[in-house]
Amino acid sequence: MDKIAVVILNWNGVKLLEQFLPSVLQYSAEAVIYVADNASTDSSVNFVKENFPSVKIIQNNGNHGFAKGYNDALQNVDAEIYALVNSDIEVTPNWLRPIIETFDKEKQTAVIQPKILDFKNKEYFEYAGAAGGFIDKYGYPFCRGRIFDTIEKDYGQYNDNCELFWASGACFFIRKEVYHQLNGFDETFFAHQEEIDLCWRAKNEGHIIKYNSESVVYHVGGATLQQGNPKKTYLNFRNSLLMLVKNLPKKGLFFVIFFRMILDGIAGIRFLTQGKFGHTFAILKAHFSFYCLSLKYLKKRKDFQTQQYYTLKSIVFLYYIKKLLVFKEIFNSNQNIKN
């Protein structure tokens, strides 16, 4: 068994592989490198074979998205640690060493996220993960360094190694044994928030999620599905509701779901007033899909021991009403915390 495997999921991303795979090879001497291809129709596979013969190629039988794509691919990877890395990630020297050292020292730590900065503006955190993720009472995710559309400049304010609620799927390290113990990502999600769901399930089993600022990567973001794409809105809203049904403690579950759907409705109206009709329709579609899947997900609760968690009362209220725009402003006051 290898110590660590870097697994890059690819779909029609030959240009991204050409741009970013060299940095992964240059700075990942400790790892075996894989490209897991989701049945690309471009020249991705031939490009890797011809230009990077040391890279191992896994060819999935279809474009199954992030969740099933990785679930299928990782059946063919034998390593103690999986490093799941987006194809639009630029890594840096020694990015793996702090991660490996943390896993070796901290046996309860199951998942680790590095510091994720913006490839296009390297002094700033990147939207998808920043300095580590949390969720509020109603399942809205946010990050240290990024809350909704407010993204912080990195001036060392998050140069620590702290515990998180979730780690970003853009660059996601997990122990092989934990990944398979939890049956990997939820394939119904297809893409978006499946990493939050997996982290939540890991926490319910007593595992720890960590952030390590000594490991730094740069992420383009939106290279596969742009942030403004209604399909992304649909997947985020639907998957978040499914995740709540699956993982929330029984007490208060239906109140949280009901109030969350009201908040989603307000978001839909906001999109409508901005002329973003596709996003409003995406939220409606997400809710109908959620209704269809809700009984199935109520049954899935039996597979996991749900526990109470500690997080914010409402990031929507704190951000939009109280105008607390950055992580440290919000957490300076304990009154914002739900106990």
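Check the entry above for the structure.
Presented here is an overview of the structure given in this document.

Rules and cut-offs
Residues numbered from 1 in each chain as written. Predicted model: local features only at pLDDT ≥ 70, side-chain atom pairs only at ≥ 80, totals over all residues. Heavy atoms only, no water. Helix = DSSP H or I, 4+ residues; strand = E, 2+ residues; numbered from the N terminus. Rg over C-alpha atoms; globule rule 2.2 N^0.38 Å. Contact = heavy atoms within 4.5 Å. Areas by Shrake-Rupley, 256 points an atom, 1.4 Å probe, with all protein chains shown as cover. Buried < 20%, exposed > 50% of the residue type's maximum accessible area, 1.4 Å probe, protein only. Arc of directions from axis to C-beta. Pairing = 2+ DSSP bridges. Right-handed = clockwise from strand over helix to strand, strands pointing away. Axes fitted to C-alpha atoms, helices over the stretch in contact; angles between N-to-C directions. Parallel < 35°, antiparallel > 145°, perpendicular 65-115°, else oblique. Left-handed = near helix turned anticlockwise from the far one by under 90°. Core = buried A, V, L, I, M, F, W, Y, C linked by side-chain atoms within 4.5 Å. Nonpolar A, V, L, I, M, F, W, Y, C, P; charged D, E, K, R; others polar. Phe/Tyr/Trp six-rings, centres within 6.5 Å; stacked < 30°, edge-to-face > 60°. Lys NZ or Arg CZ within 6 Å of the ring centre and 35° of its normal. Expected span 1.5 Å × (residues − 1). Bend = angle between axes of the 7 residues up to and from the residue.

## Comments concerning the overall build of the chain
- Counting its regular elements, the chain contains 11 helices and 15 strands.
- For 339 residues, the compact-globule estimate of 2.2 N^0.38 gives 20 Å, and the C-alpha radius of gyration of the chain, at 19 Å, lies within 12% of that figure.
- Restricting the contact set of the chain to residue pairs at least 6 apart, pairs at least 24 apart contribute 76%.
- For the chain, the computed accessible surface area is about 15,100 Å², with 53% contributed by carbon and sulfur atoms.

## Points about helix H2 (residues 44–51)
- Along H2, the positions that sit buried rather than exposed are Ser44, Val45, Phe47 and Val48. Burial along H2 is one-sided: seen end-on, the buried residues are contained in an arc of 165 degrees.
- Buried positions along H2 lie against strand E1 (2–10), helix H1 (14–26), strand E2 (32–37) and strand E3 (56–59).

## Quick word on unusual backbone geometry
- Notably, Asn94 is not glycine yet its phi reads approximately 60 degrees, a positive angle.
- Summarising the element assignment, Asn94 is placed in the loop between strand E5 (89–91) and helix H4 (97–105).
- Residue classification places Asn94 among the partly exposed residues on the basis of a relative accessible area of 42%.
- Phi at Gln193 is positive, roughly 75 degrees, even though this residue is not glycine.
- With respect to the secondary-structure elements, Gln193 resides in the loop between helix H5 (176–181) and helix H6 (194–204).
- Among the residues examined, Gln193 registers a relative accessible area of 7% and is labelled buried.

## Details of the pairing of E2
- Counting buried residues along E2, 5 of its 6 residues qualify, which places the element largely inside the surrounding structure.
- Note: E1 against E2, 6 bridges, orientation parallel. Bridge pairing in E2 places Asn10 opposite Asp37.
- At this point the chain moves from E1, through H1, to the parallel E2, and the crossover so formed is right-handed.

## Quick look at the environment of Thr92
- If you trace the backbone, Thr92 turns up in the loop between E5 and H4.
- Residue classification places Thr92 among the buried residues on the basis of a relative accessible area of 14%.
- In this structure, the C-alpha to C-alpha distance between Thr92 and Val217, residues 125 residues apart in sequence, is 6.1 Å.
- If sequence neighbours within four positions are ignored, Thr92 has contacts with Tyr27, Val216 and Tyr218.

## Concerning the packing of H1 against H2
- The N-to-C vectors of H1 and H2 enclose an angle of 30 degrees; their axes lie 9 Å apart at closest approach. Relative to H2, the element H1 lies roughly parallel. Considering only the axes of H1 and H2, their crossing is right-handed. Between H1 and H2, the contacting residues are Val14, Leu17, Glu18 and Leu21 on the first element and Ser44, Phe47 and Val48 on the second.

## Describing the nonpolar core
- Grouped together as the largest cluster of nonpolar side chains are 81 residues, with contacts concentrated most on Val7, Tyr70, Val77, Phe172, Phe185 and Ile315.
- For this core, the leading source of residues is helix H7 (residues 230–247), giving 8 residues.
- With 30 residues, the next largest nonpolar core counts Val48, Ile81, Ile116 and Ala170 among its residues.

## Description of the packing of H7 against helix H8 (residues 253–273)
- For the pair H7 and H8, interaxial distance at closest approach is 10 Å and the crossing angle is 170 degrees. In terms of orientation, H7 and H8 fall into the roughly antiparallel class. Facing H7, whose interface residues are Thr233, Phe237, Ser240, Leu241, Leu244 and Val245, H8 presents Leu253, Val256, Ile257, Arg260, Met261, Asp264, Ala267 and Phe271.
- Within the contact of H7 with H8, the residues separate by chemical class into 10 nonpolar, 2 polar and 2 charged.

## Description of the packing of aromatic side chains
- Throughout the structure, instances matching the rule amount to 25 aromatic pairs.
- Summarising the aromatic geometry, the rings of Phe165 and Trp200 are spaced 5.3 Å apart at their centres and angled 75 degrees between planes, so their arrangement reads as edge-to-face. Pair noted here: Phe165 is in the loop between strand E11 (150–151) and strand E12 (171–175) and Trp200 is in helix H6, with a separation of 35 residues, a long-range link. Each member of the pair, Phe165 as well as Trp200, is classed as buried.
- For the ring pair Phe288 and Tyr291, a centre distance of 6.0 Å and an interplane angle of 85 degrees mean the geometry is edge-to-face. A residue pair is termed a helical-turn pair when its members lie 3 or 4 positions apart in one helix, as Phe288 and Tyr291 do in helix H9 (residues 277–300) at 3 residues.
- Through pairs of rings, three or more aromatic residues link up here, namely Phe66, Tyr70, Tyr82, Phe172, Tyr179 and Phe185.
- The ring of Tyr140 has Arg260 lying over it, and the distance from NZ or CZ to the ring centre is 4.0 Å.

## Points about H1
- For H1, with 13 residues, the first-to-last C-alpha span of 18 Å sits near the 18 Å given by 1.5 Å per residue.
- For H1, the principal kink sits at Phe20 and spans about 40 degrees; a proline, Pro22, occurs within the next four residues.
- Every buried residue belonging to H1 is among Val14, Leu16, Leu17, Phe20, Leu21, Ser23 and Val24, and all of these are buried.
- Of the surrounding elements, those touching the buried residues of H1 are E1, E2, H2 and E5.

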